[in-house]
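Summary of the model geometry
Here are the chains, one letter per residue:
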Amino acid sequence: MPAPTLAQILDMLVVDRLLHAGQKQDVLNRGKEQARHLLLDRRAELRRLLGRQRVSYSVSELELIASFRFKRLDAPDVLLDEETITEVVARHLGHGFIRIDPLKLDFRLVVDAFGGPFAEKNLVVAVEDKPQLMTVALTDPWNTVLLQQLAEFKGKPIRPVMAPKSEIMRVITEFHGFRRSMRAAEAELANNLPDIANLEALYRVSGMNELEANDQPVVQAVWYLLNYAYDQRASDIHIEPKREDALVRMRIDGVLHVVHRMPRTVHPAVVSRIKLLARLDIAEKRRPQDGRFKTEIGKDEVELRVSTVPTAFGEKVVIRVFDPAVLKQSLTDLGFFPRELTLYENMIRRPNGMVLITGPTGSGKTTTLYSTLNHIASPRVNICTLEDPIEMVQEQFNQMAMQPKIGFTFGTALKNVLRQDPDVVMVGEIRDPDTAENAVQAALTGHLVLSTVHTNDAASAVSRLLDLGVFPFLVSGVLTGVVAQRLVRKICVGCAADEALTNEQIDALNIRGAEGRQLRVKRGRGCVRCRGTGYRGRTGVFEVLPITPRVRTLIQSRASSQDIKREALNDGMLTLREYAIKKMARGETTFEEILAVTEEAALY
Ligand SMILES: [Zn+2]
């Protein structure tokens, strides 16, 4: 079968009602010019990825069409991407199609089936190997010469499946690149520097600069790991020495996956490289160490926090990946509904007073605080933060890390920081009387104080302050508002489907007025984008309690949290559960997430 021409591929897209005839003509008219630009871009990218000057690349018809970034006729807010075009072409020509999930690939199969240069040249990735058949992802399943070559080479029939070129290239550069750098490192360590200690001595002598050179295999291996982690949205990288080899595992959407195994001999060098980046003491191996560094991955600056601990087989390293985009989300991206967003904005707009965020660890409080500070930040506002530890370094804030061991606590730091004339003070957490008292004083003396407490709901934050010894008249005087929050997983938009809640589910959520009615909700069926979980990303669920004059009176009379909550509910406050139910009704999250994350309000 001959390769489809550009015009034929465009016709397939027009027939499928993804493009209209005018857009087809547009590609035919401007295609040549566009392809030239694309080629330059892709070559530059490849040079950076492979770390060498000589690269060969040719632009395919499919990626050319994708580069026009047309909006799909059938779904105007979705771009016609390479993946969709590939799927359409495969279907029209009767070929199989596959989306490549790097985590589901067998690392050994990919790197062993075809050598790096061959895979790079022909863009082939082995995805499954059976005794009588090998399935290979490629970009041109009509290339009979290549298919024959593959079959002869492997000595068995080949089942070709079509996959987007960008996915194939990513797998090849990352998998083969990692393998190549591992091999080179192994060889280097075995031949030249049999003693690991010597290598480290060399590191110390040569210093940072020489190790930055791209041809260092260990440097490159670490670079591949970080790149891969970022691509896969991993939150943590674990490098764990075992008896035989070392495991590299990554946590993605809360679940750990094994992504690599590295030779025992290379492990110490990789660990040293990471420690060097984080400015840790390379020679110190018996004591746990912590450090951090920033690096550029693609266009983003990513912060990585490194911790090492000694284990029986060597040092274990855990790297936490901080995507600045996550911590710098805009207030409007956190999951507030318009009413709650307005209430919250009114609280933080005031020049003084205290706003508290409450919830358990991992409920998104830090993200909310950072987003709030970013929202407030301007050259005319002096923002000081007291943190334990500093989650993310940001230049426009004056950030201080607490050191409880030497007596530098939130309480003492607050006294110091007020001499720095801040407008806004963020205190990591109020958990002792000293901090509570100083935070209240700061709020009383003309500062906006943002902080967190550990309580189950918003109203209980008031009693928490009272329990810490703050007088009721002070609490009612400074407190502007409290926000309780949780995070629920978001339904994956790639595979969301309609369904109805069962009567049992409606009963379990105690949804009033719903008896005998059908409640339509959504659920993710599971797809490659969400790794079959049906969820992708998380969103906030909020209980926003503004301190109104009536609530103020209640606080002064030492009313119970229950009374305060009842008053707020009368005013229209949604409980965490009600808020989550509203999110479910809008197709953002599921029944199971609501049950897992929120408790039934005790008041009804
Ligand atoms: Zn999905």
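Bear in mind the structure is a predicted one, so any value in this text is a computation, not a measurement.

So, on to the packing of aromatic side chains. A complete count under the given rule lists eleven aromatic pairs for this structure. Taking 6.2 Å as the distance between ring centres and 70° as the angle between the ring planes, the aromatic pair formed by Phe175 and Tyr228 counts as edge-to-face. Of the two residues, Phe175 is situated in helix H8 (residues 165-191) and Tyr228 in helix H10 (residues 217-231); the sequence distance between them amounts to 53 residues. The same class applies to Phe175 as to Tyr228, namely buried. Cluster of aromatic residues (ring-pair linked, three or more members): Phe336, Phe337, Tyr344, Phe542 and Tyr579. A cation over an aromatic ring shows up here: Arg489 above the ring of Tyr535, its NZ or CZ 3.9 Å from the ring centre.

Before going further, it helps to examine unusual backbone geometry. Of note, Arg17 is a non-glycine position whose phi angle comes to about 60°, a positive value. Secondary-structure assignment places Arg17 in the loop between helix H1 (6-15) and helix H2 (21-50). Among the residues examined, Arg17 registers a relative accessible area of 65% and is labelled exposed.

A few words on the environment of Phe471. Looking at where Phe471 falls in the secondary structure, it is placed in the loop between helix H17 (460-467) and helix H18 (472-478). Through-space distance from the C-alpha of Phe471 to that of Ile237 is 46 Å; in sequence the pair is 234 residues apart.

Before going further, it helps to examine the sheet that holds strand S16 (residues 479-491). If you walk across this open sheet you meet the seven strands as S13-S12-S14-S15-S11-S16-S19, and the pairing is mixed. Taken across any chain shown, the strands that pair with only one partner, and hence form the sheet edges, are strand S13 (398-401) and strand S19 (535-546). Strand-to-strand, the axes of this sheet are offset by a mean angle of 20°, without reference to chain direction. Across five bridges, the pairing between strand S11 (residues 353-358) and S16 is parallel. Within S16, the position partnered with Thr358 by the bridge is Ala484. Here helix H13 (residues 338-349) sits on the sheet and contacts S11, strand S15 (448-453), S16 and S19; the angle it forms with S19, its principal contact strand, is near 60°.

What follows is about the environment of Ala436. Note on placement: Ala436 falls in helix H16 (residues 433-444). Not counting chain neighbours up to four residues away, the residues in contact with Ala436 comprise Ile430, Leu468 and Val470.

Bringing the environment of His238 into the picture now. By secondary structure assignment, the location of His238 is in strand S5 (residues 234-241). Owing to a relative accessible area of 11%, His238 belongs among the buried residues under this scheme. Measuring from C-alpha to C-alpha, the distance between His238 and Lys582 comes to 37 Å, with 344 residues separating the pair along the chain. Beyond its immediate sequence surroundings of up to four residues, His238 is in contact with Leu247, Val248, Arg249, Leu256, Lys316, Val317 and Val318. In this structure the side chain of His238 is engaged in a polar contact, spanning 3.5 Å, whose partner is the side chain of Lys316.

On to the domain arrangement of the protein, then. It is common to report an interface's size as the accessible area lost on association of the parts. Examined at the domain level, the protein breaks down into domain 1 (6-100 + 114-163), domain 2 (195-322) and domain 3 (327-487 + 540-586). Domain 2 puts five residues into the contact, and the matching count from domain 3 is six residues. For the domain 2 and domain 3 pair, buried surface summed over both sides reaches about 420 Å², with 41% attributable to carbon and sulfur atoms. Counting the surface domain 2 buries against domain 3, the share from its top three residues, Arg292, Arg305 and Phe322, is 70%. Between the two partners, domain 2 and domain 3, sit zero salt bridges. Between the two partners, domain 2 and domain 3, sit zero residue pairs in polar contact (both at pLDDT 80 or more). Counting only elements with at least two residues in the side of domain 2 that touches domain 3, the list comes to strand S8 (289-297) and strand S9 (300-311).

Their axes nearest at 8 Å, the elements helix H15 (residues 410-418) and H16 cross at an angle of 25°. Between H15 and H16, the interaxial angle falls into the category roughly parallel. With respect to the hand of their crossing, H15 and H16 are arranged in left-handed fashion. Of the residues in H16, those in contact with Phe410, Gly411, Thr412, Leu414, Lys415 and Leu418 of H15 are Asp434, Thr435, Asn438, Ala439 and Ala442. When grouped by side-chain class, the residues that make up the contact of H15 with H16 number five nonpolar, four polar and two charged.

Core analysis: the biggest nonpolar cluster contains 80 residues, and Met354 and Leu450 have the highest contact counts within it. Each residue touching Met354, except ones within four places of it in the same chain, is listed here: Ile430, Ala439, Val440, Ala443, Val449, Leu465, Val478, Leu479, Thr480 and Gly481. Judged by nonpolar contacts, the second largest core, of 70 residues, contains Leu123, Met134, Tyr224 and Ile237.

About the cut-offs
Residues numbered from 1 in each chain as written. Predicted model: local features only at pLDDT ≥ 70, side-chain atom pairs only at ≥ 80, totals over all residues. Heavy atoms only, no water. Phe/Tyr/Trp six-rings, centres within 6.5 Å; stacked < 30°, edge-to-face > 60°. Helix = DSSP H or I, 4+ residues; strand = E, 2+ residues; numbered from the N terminus. Buried < 20%, exposed > 50% of the residue type's maximum accessible area, 1.4 Å probe, protein only. Lys NZ or Arg CZ within 6 Å of the ring centre and 35° of its normal. Pairing = 2+ DSSP bridges. Axes fitted to C-alpha atoms, helices over the stretch in contact; angles between N-to-C directions. Contact = heavy atoms within 4.5 Å. Polar contact = N/O pair within 3.5 Å; in protein donor to acceptor, adjacent residues only side chain to side chain. Domains from an automatic or database assignment. Buried area = accessible area lost by both parts, 1.4 Å probe. Salt bridge = Lys/Arg side-chain N within 4 Å of Asp/Glu carboxyl O. Parallel < 35°, antiparallel > 145°, perpendicular 65-115°, else oblique. Left-handed = near helix turned anticlockwise from the far one by under 90°. Nonpolar A, V, L, I, M, F, W, Y, C, P; charged D, E, K, R; others polar. Core = buried A, V, L, I, M, F, W, Y, C linked by side-chain atoms within 4.5 Å.

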